[in-house]
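# Commentary on secondary and tertiary structure
Chain residues, written in single-letter form:
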Amino acid sequence: MRFKKHGMHVQEVHPVSRENIPIAIDLLTKDNIISWDEWVTRTISAPKKRRDGALEETEIKHTMLEKRHTSIKKLANLTQQHLDKFAIHVYNIQHQFDRLKSLRESLTEKDVVIHIDYSQNYSCKYGRKVKDTHFGGGNEQVTIHTGVKYLSDPWSLLPPCLHA
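Please read all numbers here as calculations on a predicted model, not as lab measurements. (Residues numbered from 1 in each chain as written. Predicted model: local features only at pLDDT ≥ 70, side-chain atom pairs only at ≥ 80, totals over all residues. Heavy atoms only, no water.)

## Thoughts on the overall build of the chain
- Counting its regular elements, the chain contains 2 helices and 6 strands.
- For the chain, the N- to C-terminal ordering of α and β elements is β-β-β-β-α-α-β-β.
- For the chain, the proportion of its 164 residues judged to be buried stands at 12%.
- Of the roughly 13800 Å² of accessible surface on the chain, a fraction of 54% belongs to carbon and sulfur atoms. (Helix = DSSP H or I, 4+ residues; strand = E, 2+ residues; numbered from the N terminus. Buried < 20%, exposed > 50% of the residue type's maximum accessible area, 1.4 Å probe, protein only. Areas by Shrake-Rupley, 256 points an atom, 1.4 Å probe, with all protein chains shown as cover.)

Now the structure itself:
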């Protein structure tokens, strides 16, 4: 299987074949119901206050943790269906890590690598709700963008008196 992502050709990746992974399910418990938590993104309607003061419905995306329930047998089948996508995800993580490491190790004095992670979402709770917060719809989550700057010689930015 070949992938093309962001204009870059990625080496061949051998996907996990559903036929290659046998699943042994206990015949006595295969119909037992189990539960787990899963992050899902839903589109919901929320009121939004316009500048003229009128309310209008707007659609927002809301990521939430949902409790799921199914039998052991159905969960095993669901897991097998997602293995190919998971294998690609793991490959992408490894590839990105290797590229970042290579870039960091080959920096010159004129280069800088800035690594920003956009995946930190947090749910919010209010200590005290202000009336206007009810009309935003999207005020229930905050995304924190963390970043790291890599230089070839990070000590070069410090004044000499701070060098150990």
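Still more ground to cover, so stick around.
## Digging into the environment of Ser 106
- Tracing the chain through its elements places Ser 106 in the loop between helix H2 (83-105) and strand E5 (112-123).
- Separated by 46 residues in sequence, Ser 106 and Ser 152 have C-alpha atoms that sit 7.9 Å apart.
- At a separation of 3.0 Å, a polar atom in the side chain of Ser 106 contacts the main-chain carbonyl oxygen of Ser 102. (Polar contact = N/O pair within 3.5 Å; in protein donor to acceptor, adjacent residues only side chain to side chain.)

## Comments concerning the confidence of the model for the chain
- A residue-level look at the chain finds 70% of positions with pLDDT of 70 or above and a mean pLDDT of 78.
- No element of the chain has a lower mean pLDDT than strand E2 (residues 8-10), at 47, and none a higher one than H2, at 91.
- Across residues 6-11, confidence stays below pLDDT 50; counting only partners more than four residues off in sequence or on other chains, it has 9 contacts. (pLDDT = per-residue confidence, 0-100. Contact = heavy atoms within 4.5 Å.)

## Regarding a nonpolar patch on the surface
- Taken together, the side chains of Val 112, Ile 114, Ile 116 and Tyr 118 define a hydrophobic patch exposed on the protein surface, amounting to about 400 Å² of accessible area.
- By the element assignment, Ile 116 lies in strand E5. (Patch = residues over 30% accessible without salt bridge, like charges linked within 9 Å, V, L, I, M, F, W, Y side chains within 5 Å. Salt bridge = Lys/Arg side-chain N within 4 Å of Asp/Glu carboxyl O.)

## Description of the pattern of salt bridges
- Applying the stated rule across the entire model yields 5 salt bridges.
- The partner of Glu 66 in a salt bridge is Arg 42, and the shortest N-O contact between them spans 3.0 Å. With Glu 66 in strand E4 (residues 55-71) and Arg 42 in strand E3 (residues 33-49), this pair connects stretches of sequence that are 24 residues apart.
- Linking Arg 50 and Glu 56 is a salt bridge whose minimum nitrogen-to-oxygen distance equals 3.9 Å.
- Using a relative accessible area of 32% as the deciding quantity, one classes Glu 56 as partly exposed.
- Overlapping salt bridges bring together Arg 42, Glu 66 and Arg 68 as one network.

## Comments concerning the side chain of Thr 70
- Examined against the element boundaries, Thr 70 turns out to sit in strand E4.
- Setting aside chain neighbours within four positions, we find Thr 70 in contact with Asn 32, Ile 33, Ile 34, Trp 36 and Leu 75.

## Examining the pairing of E3
- Relative to E4, E3 is paired through 17 bridges, and the arrangement is antiparallel. By the bridge assignment for E4, Ser 35 is matched with His 69.
- The hairpin formed by E3 and E4 contains 5 residues between the paired strands, and Gly 53 there has a positive phi angle of roughly 95°. (Pairing = 2+ DSSP bridges.)

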